[in-house]
Amino acid sequence: MSRPEDTLSADVHYDDVEARKYTTSSRIQNIQASMTQRALELLDLPGPSLILDVGCGSGLSGEILSAVPPDEGGPHAWIGMDISASMLDVALQRDVEGDLLLADIGQGVPFRAGAFDAAVSISAIQWLCNAESSETSPAQRLARFFGGLYQSLKRGGRAVCQFYPKNDVQRQMITAAAVKAGFGAGLLEDDPETKNVKVYLVLTVGGDATGGRDITSVVEGMEGVDVMDSRKKGTKGGKGEIKKGSKAWIMNKKEQMERKGKVVKASSKYTGRKRRIQF
Amino acid sequence: MKLLTLNFLSCAVKTCKTSPLSFPLHPKDAELAKDDVEPNPDLLTNILPRLDWSALRTTAAELGFPDLPETAPSPEELVEGGKTVQDLHELLMETQIVEGKLVCGCCGHEYAVREGIANFLLPSHLV
Ligand SMILES: C[S@@+](CC[C@H](N)C(=O)[O-])C[C@H]1O[C@@H](n2cnc3c(N)ncnc32)[C@H](O)[C@@H]1O
Ligand SMILES: [Zn+2]
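Residues numbered from 1 in each chain as written. Chains lettered and ligands numbered in written order. Predicted model: local features only at pLDDT ≥ 70, side-chain atom pairs only at ≥ 80, totals over all residues. Heavy atoms only, no water.

A. Inspection of the packing of helix 3 (residues 16–24) of chain A against helix 6 (residues 85–93) of chain A at higher detail. Residues and elements named next belong to chain A. Here helix 3 crosses helix 6 at 50°, and the two axes come no closer than 8 Å. One finds that helix 3 runs oblique with respect to helix 6. Of the two possible hands of crossing, helix 3 and helix 6 adopt the one that is right-handed. For the pair helix 3 and helix 6, contact is made by D16, A19, R20, Y22 and T23 and by S86, M87, V90 and Q93, respectively. (Axes fitted to C-alpha atoms, helices over the stretch in contact; angles between N-to-C directions. Helix = DSSP H or I, 4+ residues; strand = E, 2+ residues; numbered from the N terminus. Parallel < 35°, antiparallel > 145°, perpendicular 65-115°, else oblique. Left-handed = near helix turned anticlockwise from the far one by under 90°. Contact = heavy atoms within 4.5 Å.)

This is how it looks when you write it as structure tokens:
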């Protein structure tokens with residue numbers, strides 16, 4: 001399958017025609033909605049929050065954030081960043097509730113420190129793996145993005161980035177950049193080893209005394225989870241037992257969960273989808 | 001752009017990151033609009049401690065609004081509801097800059113705002 005990410009820059013790919021086509025496809029609407037819901041589940045926000053939507057596009061992800069009812073801890077307010085003026089234009093026409101910025105996340109995240117409770121990014125950050133110009137490299141753009149994202153989140157905050165890595169190299173490159181920026185990072189896969197696998201990078205900003213929740217508690221017991229932690233021993237996440245994400249660890253967890261009578265397959269609700277997004 | 005967003009945005013230019021002058025950005029030739037937004041008091045209560053109140057006062061003054069109180073309302077005042085919450089809701093969530101510019105007090109860079117969307121794309125030498 002050809003990936004537009006490999007040949008075009010995002011603002012060129014998402015022109016007026018593509019932005020409209022993308023947004024009006026009910027298949028895409030459904031996929032983006034369910035992935036955003038999954039991200040919200042992983043964020044586990046206690047109440048109405050201020051959320052950054054990274055690569056918000058025409059607002060298919062953001063409108064899910066606005067639609068969370070009060071009895072489920074919403075609705076949330078969101079600010080979206082996107083590099084495609086055409087996508088933002090469609091967002092305006094659809095009258096989304098979030099505030100919109102025309103911005104390149106590879107240049108950074110221009111908010112003051114600790115601004116957001118949380119961040120989501122749905123189907124966007126794989127675009128950072130391509131250099132936009134000869135003056136920058138993917139590594140540099142990823143560093144600017146994750147560095148800025150880390151700064152802009154409050155302590156104890158979380159980010160969930162669903163993305164489409166082209167291969168293991170990209171997956172590693174993205175995860176390593178997040179860890180380098182200071183995040184606790186875990187990768188979660190829904191429908192692993194199928195064509196419609198969905199990869200979620202779950203990020204936490206170093207827990208502090210005031211209730212930072214650690215990555216290990218976010219993804220604990222979930223299938224296909226890999227925990228990478230830049231923080232060394234002494235922090236809660238650095239417990240030295242079985243390596244998180246190893247087969248043994250997962251099996252162990254599964255057993256524990258089964259004994260407790262829990263549904264083990266965290267992704268059951270999301271399985272069975274036939275196709276993955278096609279650009 | 002909502003004034004809420006303006007209270008969290010700072011200049012994106014590399015050399016401005018460490019300067020206190022790069023926040024808040026200053027509206028210039030701003031055209032304002034007011035949207036009806038469903039009140040969300042729990043959201044306001046959540047955000048209140050993170051607001052930069054003195055920056056909000058600056059922004060309000062620059063846009064020609066009546067002076068805001070010197071200190072932010074207390075969480076108790078927000079819980080009580082009434083006029084304080086209503087005012088804050090209108091100012092932060094309903095007031096929008098639809099056209100104009102946002103100017104950095106450090107480097108002077110002007111970010112254009114069109115149809116409520118601020119353009120933060122920078123030429124590469126400023127990143
Ligand atoms: C597949 S769309 C997803 C949009 C939205 N999150 C959704 O779920 O429908 C990917 C979006 O990422 C944006 N994007 C790609 N590279 C970007 C960059 N460097 N900075 C900001 N946005 C970017 C694209 O413009 C596009 O709108
Ligand atoms: Zn500046």
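Here the narrative resumes, following the displayed structure.
B. Focus on the site of ligand 1. Residue and element names in this part refer to chain A. Neighbouring ligand 1 are 22 residues, the closest being Y22, Q32, G55, D82 and D104. One nitrogen or oxygen atom from the side chain of Q32 is found 2.8 Å from an oxygen atom belonging to ligand 1. One of the backbone N or O atoms of I83 is found 3.2 Å from a nitrogen atom in ligand 1. Burial of ligand 1 by the protein amounts to 99% of the accessible area it has alone, namely 600 Å². (Near = heavy atom within 4 Å. Polar contact = N/O pair within 3.5 Å; in protein donor to acceptor, adjacent residues only side chain to side chain. Areas by Shrake-Rupley, 256 points an atom, 1.4 Å probe, with all protein chains shown as cover.)

C. Here's a closer look at the coordination of the zinc ion (ligand 2). All names here are of chain B. For the zinc ion (ligand 2), every protein donor is listed as C11 (SG), C16 (SG), C104 (SG) and C107 (SG), and the spread of their distances is 2.3 Å. All donors to the zinc ion (ligand 2) come from one chain, and their sequence spacing reads C-x4-C-x87-C-x2-C. With C11 in the loop between helix 1 (3–6) and strand 1 (26–34) and C104 in the loop between strand 2 (95–103) and strand 3 (110–114), this residue pair connects regions lying 93 residues apart in the sequence. Across the pair, C104 and C11 agree in class, each one buried. (Donors = N, O, S within 2.8 Å, 3.2 Å for Na, K, Ca; no water. Buried < 20%, exposed > 50% of the residue type's maximum accessible area, 1.4 Å probe, protein only.)

D. Here's a closer look at the packing of helix 7 (residues 138–152) of chain A against helix 8 (residues 168–180) of chain A. Residues and elements named next belong to chain A. At a minimum axis distance of 9 Å, the contact between helix 7 and helix 8 shows a crossing angle of 45°. In this view, helix 7 runs oblique relative to helix 8, as classed from their interaxial angle. In this structure, the crossing between helix 7 and helix 8 has a hand that is right-handed. Residue-level inspection shows P138, L142 and F146 of helix 7 in contact with helix 8, the latter providing M173, I174, A177 and A178. The residue inventory of the contact of helix 7 with helix 8, partitioned by class, reads seven nonpolar, no polar and no charged. (Nonpolar A, V, L, I, M, F, W, Y, C, P; charged D, E, K, R; others polar.)

E. Up close: the UniProt feature "domain: Methyltransferase type" (unreviewed entry) in chain A. The sites that UniProt annotates as "domain: Methyltransferase type" (unreviewed entry) are residues 52–161 of chain A. Between the end C-alpha atoms of residues 52–161 of chain A the distance is 11 Å, and the span holds 26% helix and 26% strand. (UniProt positions renumbered as here; feature names shortened; annotations may be inferred.)

F. Representation of empty space enclosed by the protein. Residues and elements named next belong to chain A. Applying the stated criterion to the full structure yields three cavities of 30 Å³ or more. Here the largest cavity defines a volume of roughly 350 Å³. Every residue lining the largest cavity is counted, 28 residues in all, and those nearest its centre are G55, D82, S123, A124 and W127. A class-by-class count of the residues in the lining of the largest cavity yields 16 nonpolar, eight polar and four charged. (1 Å grid on protein atoms, 1.4 Å probe; cavity = no way out; pocket = protein on both sides within 12 Å on 5 of 7 lines; lining within 4 Å. Points joined across faces, edges and corners; volume = space filled by probe spheres on them.)

G. Seen up close, the packing of aromatic side chains. Residues and elements named next belong to chain A. One pass over the full model with this rule turns up seven aromatic pairs over all chains. Relative to Y22, the ring of Y14 has its centre 5.9 Å away and its plane inclined at 85°; by these criteria the two rings are edge-to-face. Overall, Y22 belongs to the buried group, its relative accessible area being 10%. Measuring from centroid to centroid gives 4.8 Å for F145 and F146, while their planes differ by 55°, and the two rings are tilted. A relative accessible area of 0% means that F146 is categorised as buried. Every member of this aromatic cluster is reached through a ring pair, and the members are F145, F146, Y150 and F183. Its guanidinium or amino end placed over the ring of Y150, R155 lies 5.0 Å from that ring's centre, counting from NZ or CZ. (Phe/Tyr/Trp six-rings, centres within 6.5 Å; stacked < 30°, edge-to-face > 60°. Lys NZ or Arg CZ within 6 Å of the ring centre and 35° of its normal.)

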